[in-house]
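Analysis of the macromolecular model
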Amino acid sequence: MATVKKIKLGSQGLEVSAQGLGCLGMSIGSGPPKPEHELIELIHHAINSGITFLDTSDVYGPHTSEILLGKALKGGFRERADLATKFGIIFADGKLEIRGDPAYVRASCEASLKRLDIDCIDLYYQHRIDTTVPIEVTIGELKKLIDEGKIKYIGLSEACASTIRRAHAVHPITAVQLEWSLWSRDVEADIIPTCRELGIGIVAYSPLGQGFFASGPKLVESFTEGDFRKSLPRFQPENLEHNKKLYDRVNEIAAKKGCTPSQLALAWVHHQGDDVCPIPGTTKIAHLNENIKALSVKLTPEEMAELTSIASAEAVKGDRYPSVLFTYKNSDTPPFSSWTPS
């Protein structure tokens, strides 16, 4: 098993394992959840293997992922883990709502602390940006939570460069979570350079392309009822045949390297820099072990250039989500001067 090194995330002192564990699929997103004891075993195996950066959200389940992690971190595991959770997304009556007002931020934090059964959250993200509330107001409340010892560090997820800058001016942002992989590279133009200019860590979710680089086009055959990926444009028949070409090229290069396509795709993200932490999700110990081995896959500058070249914008058909409504492309907030507390 590869040794999992630690990296500095941001400029405020947070150190995490160079690879994290995304916990979305343990509660929602890819079919019925596994038995609780198996998931706890997986989390313990991850921590014992050096994957100590755990990523969840109050909306996963909703709530069940945080409760699961609260149970898994008993018995000394909490002290060995860096725990990230999120607030801001509400599912109600089949509709999605985004909130970032101070009262909601505080209530969400208190509820997450209770479900996780901990005193302090290591990294607390705004999961999506509330475009009705100035980002300065949301960050101002998070700063209060830091002062009160309820959270240690602040993160943003799916935020555009201008929102990141405004937030960082109120209180240093430790990490920005974004989708970054061989088939999601639009963040490289503006968001990644902004994070690096400001000394903000980068957390890459879906580094395996929602599982595409693990299984290729046949992945869609395994989608069960309730799997959110069934609605994603890139997995629709009219796009999948085109996207298969990218997987085939990655597969060819992986075969030459003596690794799996998923390990190669994950290694490409790891090679982006020591300020980047990918958080692949899994519910299987075998897949977790495979992901850890990606840390041992060394890519030459020529191999990186080849992968970057074949994974151009033209190589992928279909957007990341059915709508840009809840992505960084819709994350500008009103000016702070316009804010009138209700």
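Each value, and the rule that gives it
- Residues numbered from 1 in each chain as written.
- Predicted model: local features only at pLDDT ≥ 70, side-chain atom pairs only at ≥ 80, totals over all residues.
- Heavy atoms only, no water.
- Core = buried A, V, L, I, M, F, W, Y, C linked by side-chain atoms within 4.5 Å.
- Buried < 20%, exposed > 50% of the residue type's maximum accessible area, 1.4 Å probe, protein only.
- Contact = heavy atoms within 4.5 Å.
- 1 Å grid on protein atoms, 1.4 Å probe; cavity = no way out; pocket = protein on both sides within 12 Å on 5 of 7 lines; lining within 4 Å.
- Points joined across faces, edges and corners; volume = space filled by probe spheres on them.
- Nonpolar A, V, L, I, M, F, W, Y, C, P; charged D, E, K, R; others polar.
- Pairing = 2+ DSSP bridges.
- Helix = DSSP H or I, 4+ residues; strand = E, 2+ residues; numbered from the N terminus.
- Axes fitted to C-alpha atoms, helices over the stretch in contact; angles between N-to-C directions.
- Left-handed = near helix turned anticlockwise from the far one by under 90°.
- Salt bridge = Lys/Arg side-chain N within 4 Å of Asp/Glu carboxyl O.
- Phe/Tyr/Trp six-rings, centres within 6.5 Å; stacked < 30°, edge-to-face > 60°.
- Lys NZ or Arg CZ within 6 Å of the ring centre and 35° of its normal.
- Right-handed = clockwise from strand over helix to strand, strands pointing away.

The name that an unreviewed UniProt entry assigns to the protein is NAD(P)-linked oxidoreductase superfamily protein, with the source organism given as Melia azedarach.

1. Focus: the nonpolar core
Within the largest apolar cluster, 105 residues are counted, with the highest numbers of intra-cluster contacts made by Phe 53 and Leu 156. Apart from residues no more than four positions distant in its own chain, Leu 156 is found in contact with Tyr 125, Gln 126, Ile 129, Ile 135, Ile 139, Ile 164, Ala 167, Ile 173, Ala 175, Val 176 and Gln 177.

2. A short note on empty space enclosed by the protein
For the structure shown, the criterion picks out one cavity of 30 Å³ or more. Its volume calculated, the largest cavity comes out at about 30 Å³. Forming the boundary of the largest cavity are Glu 179, Trp 183, Gln 210, Leu 232, Arg 234 and Arg 320. Grouping the constituent residues of the lining of the largest cavity by class yields two nonpolar, one polar and three charged.

3. Looking at the sheet that holds strand β4 (residues 53-55)
Taken in spatial order, the eight strands make up an open sheet running β3-β4-β5-β8-β9-β10-β11-β12, and their pairing is parallel. Where the open sheet ends on each side, the last strands, each with one partner, are β3 (20-22) and β12 (276-278). Strand-to-strand, the axes of this sheet are offset by a mean angle of 25°, without reference to chain direction. As judged from the three bridges shared by β4 and strand β5 (residues 82-87), these two strands associate in the parallel manner. Paired with Asp 55 across the bridge in β5 is Ala 84. In this fold helix α4 (residues 135-147) packs onto β5, β8 (121-126) and β9 (151-157), with an angle of close to 155° to the strand it touches most, β9.

4. Focus on the packing of helix α1 (residues 36-48) against helix α2 (residues 64-72)
The relative placement of two packed helices is expressed as an angle between their axes plus a distance between the axes. Running from N to C, α1 and α2 point in directions that differ by 60°, and their axes come no closer than 10 Å. Regarding α1 and α2, the two cross each other, and that crossing is right-handed. Residues Glu 36, Leu 39, Ile 40, Ile 43 and His 44 of α1 lie in contact with α2, whose contacting residues are Leu 68, Leu 69, Lys 71 and Ala 72. Here the residues of the contact of α1 with α2 are counted per class, giving six nonpolar, one polar and two charged.

5. Focus: the pattern of salt bridges
Here the structure, examined in full by the defined rule, presents 27 salt bridges. In this structure, the salt-bridge partner of Arg 99 is Asp 101, at a minimum N-O distance of 2.9 Å. With relative accessibility at 27%, the residue Arg 99 sits in the partly exposed group. In this structure, the salt-bridge partner of Asp 147 is Lys 143, at a minimum N-O distance of 3.8 Å. Residue Asp 147 and its partner Lys 143 are both found in helix α4; the two are separated by four residues, about one turn of the helix. Among the residues examined, Lys 143 registers a relative accessible area of 33% and is labelled partly exposed.

6. Observations regarding the packing of aromatic side chains
Tallying each qualifying case throughout the model produces nine aromatic pairs. Geometrically, the ring pair formed by Trp 180 and Trp 268 is edge-to-face, given 6.3 Å between the ring centres and 80° between the ring planes. Here Trp 180, found in the loop between β10 (175-179) and α6 (191-198), pairs with Trp 268, found in helix α9 (residues 261-270); they are 88 residues apart in sequence, far enough to count as distant. The burial state of Trp 180 is the same as that of Trp 268; both residues are buried. One Lys or Arg, Arg 234, reaches over the ring of Trp 183 and ends 5.2 Å from the middle of that ring.

7. Quick look at the pairing of strand β2 (residues 14-17)
Across four bridges, strand β1 (residues 6-9) lies against β2 in antiparallel orientation. Residue pairing in the sheet places Lys 6 in a bridge with Ser 17 of β2. As consecutive antiparallel partners, β1 and β2 are separated by four residues, and within that stretch Gly 10 has a phi angle of approximately 80°, a positive value.

8. Considering the pairing of β5
In terms of burial, β5 is a largely internal element, six of the six residues being buried. Neither face of β5 is exposed, since Asp 82, Ala 84 and Lys 86 on one face and Leu 83, Thr 85 and Phe 87 on the opposite face are all buried. Between the parallel pair β4 and β5, the chain is carried across by α2, and the sense of this crossover is right-handed. Bridge analysis of β5 against β8 gives four bridges, and the strand direction is parallel. Note on β8: the bridge partner recorded for Thr 85 is Tyr 124.

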